Amino acid sequence: MSDNPEATTTTLRGQCLCGAVTLSVQHRAPALAACHCSICRKWGGGPYLSVEAHQTPAFKGDENIAVYDSSEWAQRGFCRKCGSHLFYRLKEGGFYALSAGLFRESSEWPFKLQVFIDEKPGNYAFANSTREMTGEEVFKAWSPDQN
Ligand SMILES: [Zn+2]
Ligand SMILES: [Zn+2]
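Residues numbered from 1 in each chain as written. Chains lettered and ligands numbered in written order. Predicted model: local features only at pLDDT ≥ 70, side-chain atom pairs only at ≥ 80, totals over all residues.

Engineer: When you look at the pairing of strand 6 (residues 65-69) in this model, what are you seeing that I'm missing?
Structural biologist: In the case of a regular strand, side chains alternate between the two sheet surfaces. Among the five residues in strand 6, zero count as buried, and that is only a small part of the element. Pairing geometry for strand 6 and strand 7 (residues 74-79), over five bridges, is antiparallel. Paired with Val 67 across the strands is Gly 77, a residue of strand 7. (Buried ≥ 20, exposed ≤ 12 C-beta atoms within 10 Å, placed from the backbone. Helix = DSSP H or I, 4+ residues; strand = E, 2+ residues; numbered from the N terminus. Pairing = 2+ DSSP bridges.)

Engineer: In this structure, what is going on with unusual backbone geometry? I would like to understand it.
Structural biologist: A negative phi holds for most residues other than glycine; trans holds for most peptide bonds. Look at Phe 116: it is not a glycine, yet its phi comes out positive at around 50°. A count of 23 C-beta atoms within 10 Å places Phe 116 in the buried class.

Engineer: For this particular structure, what's the right way to read the nonpolar core?
Structural biologist: Among soluble globular proteins, nonpolar side chains are generally buried collectively. Core analysis: the biggest nonpolar cluster contains 28 residues, and Cys 35, Leu 86 and Leu 98 have the highest contact counts within it. Taken together, the elements giving at least two residues each to this core come down to strand 2 (22-27), strand 3 (32-35), strand 4 (48-53), strand 7, strand 8 (85-90) and strand 9 (96-99). The residues touching Leu 86, leaving out its near neighbours within four places in the chain, are Cys 16, Val 21, Ile 65, Gly 77, Phe 78, Cys 79, Ser 99 and Leu 102. (Core = buried A, V, L, I, M, F, W, Y, C linked by C-beta atoms within 7 Å. Contact = placed C-beta atoms within 7 Å.)

Engineer: Quick question: what am I supposed to make of the pairing of strand 9 here?
Structural biologist: Neither face of strand 9 is open: one carries Tyr 96 and Leu 98, the other Ala 97 and Ser 99, and all of them are buried. Across four bridges, strand 4 lies against strand 9 in antiparallel orientation. Residue pairing across strands places Ser 50 opposite Ser 99, the latter belonging to strand 9. Sheet topology places strand 8 next to strand 9; three bridges connect them, and they run antiparallel. Among the inter-strand pairings, Arg 89 is bridged to a residue of strand 9, identified as Tyr 96. Here strand 8 folds back onto strand 9, and the loop between the two strands holds five residues, one of which, Gly 93, carries a positive phi near 105°.

Engineer: Please clarify how the sheet that holds strand 4 should be interpreted in this entry.
Structural biologist: Two strands in a sheet stick together by hydrogen bonds in their backbones, pointing the same way (parallel) or opposite ways (antiparallel). Strands sit in the order 6-7-8-9-4-3-10-11 across an open sheet of eight strands; the sheet is mixed. Both outer strands of the open sheet, strand 6 and strand 11 (131-133), are each paired with one neighbouring strand and no more. Across the sheet, the axes of successive neighbouring strands diverge by a mean angle of 25°, strand direction being ignored. Relative to strand 8, strand 7 is paired through five bridges, and the arrangement is antiparallel. (Axes fitted to C-alpha atoms, helices over the stretch in contact; angles between N-to-C directions.)

Engineer: Would you take a moment to explain the sheet that holds strand 5 (residues 58-60) for this structure?
Structural biologist: Pairing is antiparallel across the open sheet formed by three strands, whose spatial order is 1-2-5. Edge positions in the sheet fall to strand 1 (10-15) and strand 5, since each has one partner strand and no second. The average undirected angle you get between the axes of adjacent strands in this sheet is 15°. Here strand 2 pairs with strand 5 via three bridges, running antiparallel. Note on strand 5: the bridge partner recorded for Leu 23 is Phe 59.

Engineer: Before we go on, may I ask you to explain the environment of Asp 62 in this structure?
Structural biologist: With respect to the element layout, Asp 62 can be found in the loop between strand 5 and strand 6. Separated by 17 residues in the primary sequence, Asp 62 and Cys 79 place their C-alpha atoms 9.1 Å from one another.

Engineer: Just checking my understanding: could you explain the environment of Ser 107 for this structure?
Structural biologist: Counting through the fold element by element, Ser 107 comes out in the loop between strand 9 and strand 10 (111-115). Residue classification places Ser 107 among the exposed residues on the basis of 9 C-beta atoms within 10 Å. Measuring from C-alpha to C-alpha, the distance between Ser 107 and Ala 31 comes to 9.8 Å, with 76 residues separating the pair along the chain.

Here it is in structure tokens:
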């Protein structure tokens, strides 16, 4: 656990469609991020809306979680029973992008970031004003050489 819980931290609790998997994670300022990359769109049919976590969430029902290696550096988890998408995670470093839809409160979070904006198809666009990052900028931000 790299995160040091503080008084302002809230616990986010979520669950999949069928309830076989539940999770909780500490967060200071939950916000929505959208990924427009081609893998996310193939995985879910459209951009992946998530909340970032920099610690491993506490999962219940682990035996119902299937994990797919979607690249050399990342994995995607989903519920074996209902197929709900649970997370995108880096194999190293403890970064998770948890599916926003698992959390009922996600409708109240601000929408702050869009990544892989360079892979977004031209036939849709969110009206929200957010920070935007290209794939190259995302990989740079993840690289251990950068701070
Ligand atoms: Zn499920
Ligand atoms: Zn993506």
